[in-house]
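A look at the structure
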Amino acid sequence: MKCEVPSMAMGDIAFNLLVFFVILAKAQDDSHLQWQPATTAKIEIVGHPKASVVIDRENKLYLNGNETAVSSLAAGLQEHLGNSPAGDRTVLFKVHKDTLAQRFEPVIEAISEAGGDLVHVLEEKTPETKK
Amino acid sequence: MKFRRQTKLLAEPPSVATGDIAFNLIVFFLVCASVAPENGRKQSIPKSDSKTDQQQQSKNIEVSLTRATVSINGNPHSEKTFPQQLRSQLSTRTRPEDKIVVVKSSKDTPYDVWIRVTGYIEEAGGVITIQREEERTIVTD
């Protein structure tokens, strides 16, 4: 009895694994950042964003996963948004719920200055979260 | 003369189907691993000019926020009465420029309070604009 693993399929399997990794890897990855969204009653599904701005629980500011300063945020956003037409300039704004106004208001101004379409990323208020 | 048959039992999975299996796996992955869309709330904030029309500004509704209080044109309200009060004030205004609501937040206003109150303003038909205090350094001789 001779049992053999079909070695000729190894190349296909390796190629497929590579394809899966490339598809799932994001260029603008901010999944490592820790923040808790604020809640709201009504939310809507947002289309594909051009950029994401995050203020995490440590009050640090990130543009597309890279730490940045408020003073350079508008310029950095303008670079990402480029000459995209209105309606295609969505900027996701993810703010930790306990962030204070003195931190997030200048960021909102910077996004507005860069001409981005601001979208607050929030969590829908459910009866459980209301408690 | 007897010949011994050499029976070789070769157990091999059908490698011909491997390509099809790989193709199906790609399709399943593409269908299932779609990027989950984000949920949120859009907000359009008019750009503020440094030279504002003071007369126009004095006509706009002003909402002041602190950590625990919210007030309309200096009159404090509870969160329960705020939406109704704001709606009644905005209903009398027909022009779009009169529906602008100036939001002034104290430095220690948390984001979730800000989101809640601005949500009420938008539901009432107001257009939010932010007013911040600027610090300027003036050098005197």
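The structure contained in this document is the topic of the report that follows. (Residues numbered from 1 in each chain as written. Chains lettered and ligands numbered in written order. Predicted model: local features only at pLDDT ≥ 70, side-chain atom pairs only at ≥ 80, totals over all residues.)

Examining the overall build of chain B
When its secondary structure is counted, chain B shows four helices and seven strands. Ordered by position from the N terminus, the helices and strands of chain B form the series β-α-β-α-β-β-β-α-β-α-β. Expressed as a percentage of contacts within chain B between residues at least 6 apart in sequence, the contacts between residues at least 24 apart total 74%. (Helix = DSSP H or I, 4+ residues; strand = E, 2+ residues; numbered from the N terminus. Contact = placed C-beta atoms within 7 Å.)

Comments concerning the overall build of chain A
Along chain A, the regular secondary structure elements total four helices and nine strands. Reading the helices (α) and strands (β) of chain A from amino to carboxyl end gives β-α-β-β-β-β-β-α-β-α-β-β-α. When each of the 131 residues of chain A is scored for burial, the buried share is 29%. Across chain A, the fraction of contacts at a sequence separation of at least 24, relative to all contacts at a separation of at least 6, is 73%. (Buried ≥ 20, exposed ≤ 12 C-beta atoms within 10 Å, placed from the backbone.)

A short note on the sheet that holds strand E2 (residues 39–43) of chain B
Taking strand neighbours across the sheet as the criterion, the seven strands line up as E3(A)-E2(B)-E8(A)-E7(A)-E4(A)-E5(A)-E6(A) in an open arrangement whose pairing is mixed. Lying at the two open borders of the sheet, with one neighbouring strand each, are strand E3 (44–45) and strand E6 (66–67) of chain A. Two strands pair when backbone bridges link them, and E3(A) and E2(B) are joined in this way by two bridges, in the antiparallel orientation. If you follow Glu44(A) over to E2(B), its bridge partner there is Gly40(B). Sheet strands touched by helix H3 (residues 101–113) of chain A: strand E4 (51–55), strand E5 (61–63), strand E7 (90–95) and strand E8 (117–121) of chain A. Its angle to E4(A), the strand with the most contacts, is close to 165°. (Pairing = 2+ DSSP bridges. Axes fitted to C-alpha atoms, helices over the stretch in contact; angles between N-to-C directions.)

A closer look at the environment of Glu113(A)
Along the chain, Glu113(A) falls in helix H3. Considered as a pair, Glu113(A) and Thr126(A) are 13 residues apart in the sequence and their alpha carbons are 34 Å apart.

Side note on the pairing of E4(A)
Residues and elements named next belong to chain A. In terms of burial, E4 is a largely internal element, five of the five residues being buried. Here E4 shows no split at all, with Ala 51, Val 53 and Ile 55 on one side and Ser 52 and Val 54 on the other all buried. As judged from the five bridges shared by E4 and E7, these two strands associate in the parallel manner. Its bridge partner lying in E7, Ala 51 is registered against Val 91.

Regarding unusual backbone geometry
The phi dihedral of Asn59(A) is positive, around 70°, even though this residue is not glycine. Checked against the element boundaries, Asn59(A) lands in the loop between E4 and E5. Classification of Asn59(A) by C-beta neighbours within 10 Å gives exposed; the count is 12. Of note, Asn73(B) is a non-glycine position whose phi angle comes to about 50°, a positive value.

What about helix H4 (residues 111–123) of chain B?
Taking 1.5 Å as the rise per residue, H4(B) with 13 residues should run 18 Å; its terminal C-alpha atoms sit 18 Å apart, in good agreement. Just downstream of H4(B), Gly125(B) is the residue with a positive phi angle, here 100°. (Expected span 1.5 Å × (residues − 1).)

That is the geometry; function is a separate question.
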